[in-house]
Amino acid sequence: MIEIKNLYKTFHTKAGEVDALKDINLTINDGEIYGIIGMSGAGKSTLVRCINMLERPTSGQVIIDGKDMGALSDKELREARRDITMIFQSFNLLMQRNCLKNVCFPMELAGVKKDEAEKRAMELLELVGLPDKAKAYPAQLSGGQQQRVAIARALATNPKVLLCDEATSALDPNTTHSILSLIRDINEKLGITVVIITHQMSVVEEVCTHVAILDHGEVAECGPVGSVFASPKSAAGRRLVFPNGVDDLVSDPAKEKRIRVVFNGAETAGSPLIATMVIETGIAVNILSAAIRSIESRAYGTMLLGIPGKRENLFTVTDYLQTVPGVFVEEV
């Protein structure tokens, strides 16, 4: 388990102090794929570097499996970092070494015998789908292949935690999908806790189980991906989920009442829910905005409806929709 408690990070610059992180409190359970998302400058990369103490927090604690990382000696921290590995946007492979030697490198530093290290490295290249690239050099590989080698290298010390700092930002959509699928497979097969730093909602939606939204160095909100993205409570969350502001459309309150329909894991993606409701109730609602997405074959998101006529119509529509599992309704 990763526990981040009252974490602050302040940088001292020529222009003055910059508070990159302010009172961060998060709990990441074992085996989760946890997304940390936010706009540029939100503090995401600083936070992930504080987790493994590449950046020392100004105050607060990072506790991993009961160990206060900030209280460890240099030797103890080096040993602890074998359990907490990291992959980056720029891959950071050693260009003068072939793929096999790149994967062997952390094991060499740990004192693993050469034969044992090479055997383990081949197993990891097999795991990431590149057993035929052992003798190839990074310059001979595509971006996606380089990231796969970087993942294999990160797994060489049998870590418990894998930190991914914008690991797919330099990749095209298809390659991003394949890397995320690989990360999910590794999480499932090896039980590794994964923390993904990203500015891309699509990355979080595809692979993460939980998410924290950072805004100006603070946690705006956090929770299960479906719940947070279905009905974001913070201004930062609404900006990410509704970048065009469609959820704030306003209808004439003199002519119709408004309700927000929240889809939180509803199995309604293949059925015409609103059309069926209109037919059965006889109330022709006005769809003001909608932002629905499918995550793991379930519907998540929100829809803003205008209900014409008398107030009883609002009650009728609300009662109808609330009978559907995974659908919640609130008056706006």
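Small disclaimer: the values here were computed from a predicted structure and weren't measured.

Parameters and conventions
Sequence order as written defines residue numbering, which begins from 1 separately in each chain. In keeping with the model being predicted, local features are shown solely for residues with a pLDDT of at least 70 and side-chain atom pairs are shown and tallied solely at 80 or more, while totals for entire chains, interfaces and linings include all residues. Hydrogens and waters are ignored; side-chain quantities use all the structure's heavy atoms. Helical segments are the DSSP runs of H or I of at least four residues, strand segments are the runs of E of at least two, and each set is numbered from the N terminus. Each residue gets one of three labels from its accessible area relative to the maximum for its type: buried under 20%, exposed over 50%, partly exposed in between, using a 1.4 Å probe on protein chains only. Note on contacts: a residue pair is in contact if any heavy atoms of the two residues lie within 4.5 Å. Positive charges are assigned to Lys and Arg, negative charges to Asp and Glu, while His and the chain termini are left out of the count. Charge placement uses NZ in Lys and CZ in Arg. For Asp and Glu, CG and CD serve respectively. The aromatic pairing rule takes the rings of Phe, Tyr and Trp, using the six-membered ring of Trp, and pairs them if the centres are within 6.5 Å, calling planes under 30 degrees apart stacked, those over 60 edge-to-face and the rest tilted. Placement of a charge over a ring requires the Lys NZ or Arg CZ to be within 6 Å of the ring centre, with the centre-to-atom vector within 35 degrees of the ring normal. In protein, a polar contact requires one atom able to donate a hydrogen and another able to accept it; more generally it is a pair of N or O atoms within 3.5 Å, and residues adjacent in sequence count only if both atoms are side-chain atoms. For this document, the term salt bridge refers to a Lys or Arg side-chain nitrogen within 4 Å of an Asp or Glu carboxyl oxygen. Two strands are counted as paired when DSSP detects at least two bridges linking them. Simply put, an axis is a line fit to the C-alpha atoms, just over the touching stretch for a helix, and the angle between two N-to-C directions goes from 0 to 180 degrees.

1. Here's the deal with the overall build of the protein chain
1) Next: Secondary structure assignment for the protein chain yields 11 helices and 14 strands.
2) Next: For the C-alpha atoms alone, the extent of the protein chain along its principal axes is close to 80 × 50 × 35 Å.
3) Next: The 332 residues of the protein chain split such that 50% are buried.
4) Next: Of all intrachain contacts in the protein chain linking residues separated by at least 6 positions in sequence, the fraction that spans at least 24 positions is 68%.
5) Next: Distance between charge centres in the protein chain, computed from 36 positive and 41 negative side chains, equals 5 Å.

2. Considerations on the environment of M39
1) Next: One can find M39 in the loop between β3 (33–37) and α1 (44–51).
2) Next: A relative accessible area of 54% places M39 in the exposed class.
3) Next: With 197 residues separating them in the primary sequence, M39 and A236 have C-alpha atoms 8.9 Å apart.
4) Next: Leave out the neighbours within four places in its chain, and M39 touches K44, L214 and L240.

3. Digging into the packing of aromatic side chains
1) Next: The full count for this structure, using the stated rule, is 0 aromatic pairs.
2) Next: When the ring centre of F11 is taken as origin, the NZ or CZ atom of K9, which lies over that ring, is 5.0 Å away.

4. Regarding the environment of S40
1) Next: For S40, the position within the fold is in the loop between β3 and α1.
2) Next: Placed 175 residues apart in sequence, S40 and D215 show a C-alpha to C-alpha distance of 9.3 Å.

5. Focus on helix α3 (residues 99–109)
1) Next: Taken as a whole, α3 has its buried residues at C99, L100, N102, V103, C104, P106 and M107.
2) Next: Turning to α3, the residues buried within the fold contact α4 (114–127) and α5 (143–154).
3) Next: With a side-chain oxygen lying 3.2 Å from the backbone nitrogen of L100, the N-terminal cap of α3 falls on N98.
4) Next: Positive phi appears at G111, one or two residues downstream of α3, with a value of about 85°.

6. Observations regarding the pattern of salt bridges
1) Next: Under the definition given, this model contains 7 salt bridges.
2) Next: For K101, the salt bridge identified is with E118, shortest N-O distance 3.1 Å. With K101 in helix α3 and E118 in helix α4, this residue pair connects regions lying 17 residues apart in the sequence.
3) Next: The salt bridge partner of R239 is D215, with a shortest N-O separation of 3.2 Å. Taken together, the positions of R239 in helix α9 (residues 235–241) and D215 in strand β9 (residues 210–215) put the pair 24 residues apart, joining distant regions of the chain.
4) Next: For R239, a relative accessible area of 45% gives the class partly exposed.
5) Next: When its relative accessible area of 23% is taken as the criterion, D215 is described as partly exposed.
6) Next: A cluster of three or more residues bridged by salt bridges with shared partners is formed by K9, R49 and E55.

7. Description of the sheet that holds strand β7 (residues 161–165)
1) Next: Read from one edge of the open sheet, 6 strands run β6-β7-β8-β3-β9-β10, paired in mixed fashion. Unpaired on one side and paired on the other, β6 (84–88) and β10 (218–224) mark the two borders of the sheet. Between one strand axis and the next, the sheet turns through 15° on average, direction left out of account.
2) Next: Direction of pairing for β9 relative to β10: antiparallel, over a ladder of 6 bridges. In the sheet register, H210 faces β10, and the bridge partner there is P224.

8. Digging into the pairing of β9
1) Next: Here β3 pairs with β9 via 4 bridges, running parallel. Residue pairing in the sheet places Y34 in a bridge with H210 of β9.
2) Next: Here β9 folds back onto β10 in antiparallel fashion, the turn holding 2 residues, of which H216 has a positive phi close to 50°.

9. Comments concerning the sheet that holds strand β5 (residues 67–68)
1) Next: With antiparallel pairing, the 4 strands of this open sheet are ordered in space as β2-β1-β4-β5. The open sheet has two free edges, formed respectively by β2 (16–28) and β5, since each of these has just one partner strand.
2) Next: Of the strand pairs in this sheet, strand β1 (residues 2–13) and strand β4 (residues 59–64) are connected by 5 bridges, and their pairing is antiparallel. When the bridges of β4 are listed, Y8 appears paired with S59.

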